[in-house]
Amino acid sequence: MSLEVRNLRIVLGGRAVVDGVSFDVPDGARVGLIGESGSGKSLLALAILGLLPDGAEATGSIRWDGREILGLPDRDLAALRGDDIGIVFQEPRTALNPIRTVGAQIGEAVRIHEGVSRREALRRAIAEAGRVALPDPEHLVTRYPHQLSGGQRQRVAIAMALACRPRLLIADEPTTALDVTIQAGILELLRALVHDAGMSLVFITHDLAVLAQVATHAVVLADGRVVEQGAVAELLRAPASPVTQALLRDATTTLWHPEIDPPDARASRPSDRGAPSGSDADRRGEAP
């Protein structure tokens, strides 16, 4: 089991913004955290990486490969970030440094975690730019973020996150700031990269139509609590929670219609639907 979250509670400003959340991400699984704005899904990602805002207090347990990482010193967490766990944020314009070339930024993680030379880091940056289907990688790595389109900047952010071949990728609303046509390309890219590398994925979104394209299991959040979880195909077929039902209604107001049996819908679910990980159902070891 790669990632195990148990009874996670995050208090910010005297209020529990995440309360009692439990879920697992097995090796190779694609898990979606979905909920409306303010449901706590992005704070969960920040807690996993040890990047919560000042004043936030987290309790419970976050285990990576059996090791407790909640509360680890930042130096230890920094060794995990980028190396074992990569993250792609929602808005690449703010995630990228405007005064450094994109090649330098893609290669930075490789230099930090693997100690390679600048020449080797540049070679790797070019290779990663090609891997995420950026055009003319040798030239593109010499450019600055403002010289790229929004979709290209997001591909750079993905290349940065994957440069050290992490085992888990966290993608926090990575397509929200993009138009629909660019969004489709980014989703297809993420799906292919995760599949080809055998990585685990935690995909965060408010859009069930988007989630259905990349994840096989979903954890539905509302007001910082898990209200439902299960295989995406099952949630599309028979959503039990009013929150999930509303998300499905919102998604189908567009031209999108759910595939009840989406491609790659393998049983890689972290826990029984509606039963938080660590419940009796999990301890009995019931099959996914």
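Residues numbered from 1 in each chain as written. Predicted model: local features only at pLDDT ≥ 70, side-chain atom pairs only at ≥ 80, totals over all residues. Heavy atoms only, no water.

A.B. asks: Explain the side chain of Asp-19 to me, using residue names and the numbers behind them.
C.D. replies: Among the secondary structure elements, Asp-19 is positioned in strand β2 (residues 15-25). Reaching out from Asp-19, the side chain makes a polar contact with the side chain of Arg-9 at a distance of 3.0 Å. If we skip the residues at most four places from it in the chain, Asp-19 touches Leu-8, Arg-9, Gly-224 and Arg-225. (Helix = DSSP H or I, 4+ residues; strand = E, 2+ residues; numbered from the N terminus. Polar contact = N/O pair within 3.5 Å; in protein donor to acceptor, adjacent residues only side chain to side chain. Contact = heavy atoms within 4.5 Å.)

A.B. asks: Requested: an account of the pairing of strand β7 (residues 168-172), with residues and values cited.
C.D. replies: For β7, the tally of buried residues reaches five of five residues, placing the bulk of the element in the interior. The two faces of β7 match: Leu-168, Ile-170 and Asp-172 on one face and Leu-169 and Ala-171 on the other face are all buried. Here strand β6 (residues 85-88) runs beside β7; their pairing, made up of four bridges, is parallel. Its bridge partner lying in β7, Val-88 is registered against Ala-171. As paired strands, β7 and strand β8 (residues 200-205) are joined by five bridges and run parallel to one another. Bridge pairing links Leu-168 to Ser-200 in β8. (Buried < 20%, exposed > 50% of the residue type's maximum accessible area, 1.4 Å probe, protein only. Pairing = 2+ DSSP bridges.)

A.B. asks: Tell me about the environment of Arg-67, residues and numbers included.
C.D. replies: Inspection of the secondary structure assignment puts Arg-67 in strand β5 (residues 67-68). When the C-alpha atoms of Arg-67 and Glu-4 are compared, they prove to be 9.6 Å apart, with 63 residues separating the residues in sequence. Leave out the neighbours within four places in its chain, and Arg-67 touches Ile-62, Leu-72 and Asp-76.

A.B. asks: Give me the lowdown on the pattern of salt bridges, citing residues and values where you can.
C.D. replies: Two side chains that carry opposite charge are able to pair once their charged atoms sit near each other. Under the criterion given, the structure shown has 16 salt bridges. Between Glu-108 and Arg-100 there is a salt bridge, with its nearest N and O atoms 3.2 Å apart. What makes Glu-108 partly exposed here is its relative accessible area of 35%. Judged by relative accessible area, which is 28%, Arg-100 ranks as partly exposed. Salt-bridge contacts for Glu-120 lead to Arg-123; the nearest nitrogen and oxygen are separated by 2.7 Å. Of this pair, Glu-120 and Arg-123 both sit in helix α5 (residues 118-131), separated by three residues, roughly a single helical turn. Residue Arg-123 is classed as partly exposed on the basis of its relative accessible area, which comes to 46%. (Salt bridge = Lys/Arg side-chain N within 4 Å of Asp/Glu carboxyl O.)

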